[in-house]
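Listed below are the residues making up each chain.
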Amino acid sequence: MSIQTVGIIGAGTMGNGIAQAVAAAGLQAIMVDISDAAVSKGLATIASSLDRQVKKDKITEADKADTLARIKGSTRYVDLQPAQLIIEAATENYELKVKIIKQIEEVATPRTIIATNTSSISITRLAAQTSQPEQFIGMHFFNPVPMMALVEVIRGLQTSDATHDTVAEMARKLGKTPVSVQNAPGFVVNRILVPMINEAFFVLAEGVAKAEAIDEAMKLGANHPIGPLALADLIGLDVCLAVMEVYLQEFGDSKYRPAPLLRELVAAGRLGRKSGHGVYKY
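Residues numbered from 1 in each chain as written. Predicted model: local features only at pLDDT ≥ 70, side-chain atom pairs only at ≥ 80, totals over all residues. Heavy atoms only, no water.

## A short note on the overall build of the protein
If you tally the helices and strands in the protein, you get eleven helices and eight strands. Computed over the C-alpha atoms, the radius of gyration of the protein is 19 Å, within 12% of the 19 Å expected from 2.2 N^0.38 for a compact globule of 282 residues. Overall, the protein is about 55 × 45 × 35 Å in size when its C-alpha atoms are taken along their principal axes. Scored against the burial criterion, the 282 residues of the protein give a buried share of 49%. Long-range pairs, those at least 24 residues apart, make up 67% of the contacts in the protein with a sequence separation of at least 6. Surface accessibility of the protein: about 13100 Å² in total, with carbon and sulfur atoms responsible for 54%. If you average the places of the 28 positive and of the 29 negative side-chain charges in the protein, the two averages end up 2 Å apart. (Helix = DSSP H or I, 4+ residues; strand = E, 2+ residues; numbered from the N terminus. Rg over C-alpha atoms; globule rule 2.2 N^0.38 Å. Buried < 20%, exposed > 50% of the residue type's maximum accessible area, 1.4 Å probe, protein only. Contact = heavy atoms within 4.5 Å. Areas by Shrake-Rupley, 256 points an atom, 1.4 Å probe, with all protein chains shown as cover. Lys, Arg positive; Asp, Glu negative; His and termini not counted. Charge placed at Lys NZ, Arg CZ, Asp CG, Glu CD.)

## Some words on the UniProt feature "site: Important for catalytic activity" (unreviewed entry) in the protein
Residues given the UniProt feature "site: Important for catalytic activity" (unreviewed entry) here are His 140. Counting through the fold element by element, His 140 comes out in strand β6 (residues 136-141). Leave out the neighbours within four places in its chain, and His 140 touches Thr 116, Asn 117, Thr 118, Ser 119, Leu 150, Val 151, Glu 152, Ile 154, Phe 187 and Asn 190. (UniProt positions renumbered as here; feature names shortened; annotations may be inferred.)

## Section: the pattern of salt bridges
Two side chains that carry opposite charge are able to pair once their charged atoms sit near each other. Counted according to the given criterion, the structure contains ten salt bridges. Glu 245 is the partner of Arg 263 in a salt bridge, and the nearest nitrogen-oxygen pair spans 2.7 Å. Of this pair, Arg 263 sits in helix α11 (residues 260-267) while Glu 245 sits in helix α10 (residues 237-251), and the two are 18 residues apart along the sequence. Judged by its relative accessible area of 35%, Arg 263 is partly exposed. Assessed through its relative accessible area of 35%, Glu 245 is described here as partly exposed. A cluster of three or more residues bridged by salt bridges with shared partners is formed by Lys 72, Arg 76 and Asp 79. (Salt bridge = Lys/Arg side-chain N within 4 Å of Asp/Glu carboxyl O.)

## Quick word on the sheet that holds strand β7 (residues 150-155)
Either a parallel or an antiparallel arrangement is found when strands of a sheet pair, and the pairing is made through backbone hydrogen bonds. Spatial ordering of the open sheet is given by β3-β2-β1-β4-β5-β6-β7-β8, a layout of eight strands whose pairing is mixed. With partners counted over all chains shown, the strands left at the sheet margins are β3 (71-74) and β8 (177-182), one partner each. With direction set aside, neighbouring strand axes in the sheet form an average angle of 25°. Where strand β2 (residues 28-32) lies against β3, four bridges are found, and the strand directions are parallel. Considered in β3, the bridge of Val 32 is made with Ser 74. (Pairing = 2+ DSSP bridges. Axes fitted to C-alpha atoms, helices over the stretch in contact; angles between N-to-C directions.)

## Focus: the domain arrangement of the protein
When cut into domains, the protein gives domain 1 (5-182) and domain 2 (191-274). For domain 1 and domain 2, the distance between their C-alpha centres works out to 26 Å. Between domain 1 and domain 2 the total buried area reaches about 430 Å² when both faces are included, carbon and sulfur atoms providing 58% of it. When the buried area of domain 1 at its contact with domain 2 is split by residue, Glu 92, Ser 120 and Asn 143 rank highest and sum to 65% of it. There are zero salt bridges connecting domain 1 and domain 2. The class makeup of the residues in the side of domain 1 that touches domain 2 is no nonpolar, three polar and one charged. (Domains from an automatic or database assignment. Buried area = accessible area lost by both parts, 1.4 Å probe. Nonpolar A, V, L, I, M, F, W, Y, C, P; charged D, E, K, R; others polar.)

## Quick look at the packing of aromatic side chains
With the rule as written, the count across this model stands at three aromatic pairs. With a centroid separation of 5.6 Å and an interplanar angle of 70°, the aromatic rings of Tyr 247 and Tyr 256 are classed as edge-to-face. Since its relative accessible area comes to 0%, Tyr 247 is described here as buried. Here Tyr 256 falls in the buried class, since its relative accessible area comes to 6%. (Phe/Tyr/Trp six-rings, centres within 6.5 Å; stacked < 30°, edge-to-face > 60°.)

This is the structure:
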């Protein structure tokens, strides 16, 4: 199946990034969120991102205009009907994702592939809630989507070879590198990355070093481009906490217990860059 139109549920950080990547690749994008304000904010974020590329001479003003013209914002699921692929990119919450997926199925055609951008929730479990689980798959993008090359393509137990191959080819159309992954909590990258971030919060809370020192040590000692605490602020501390809670529940292993300091910061509303304050102030 040739994919020419992609639906995206969610106009937040991941959703608008996916919409931008889709449109920049010459495909049609339909970005849906619950309110006009959310959609407008997502479109504005895309425009700002494209402006930065224009200033860096990576694209022209005409390229920017063409990309924006290929993105349709909407608050109505029915507008997703032309899409051959619909990607759910909502908050990392199982019940919410199931609700959205069922709403997608009400408007999707029988041949539509449904993908989820989850970073930790079981693809097999989500697929079991659909009427055509063989056409359900994980398509995990990384933030910032327009810049990051990797897409984890995650097969649930029910996912067909045809669905997997179509989505992997779709990722390549977007200029991404698809990596095939079997279903497991956290898949590959976040299974390794988020526990490392969580451990950095334990180190910070124990007073082993200050935040800046922890980040500098990992950048220089492990050749990381960004320290784990600064990365947590970029990802969102609430997202890191949610992922660790999924691991703890799914594996039943205490090594995945969230750091108390991480819980405390989230409880205080210090979520990172998106709230203006996390480990660091912005």
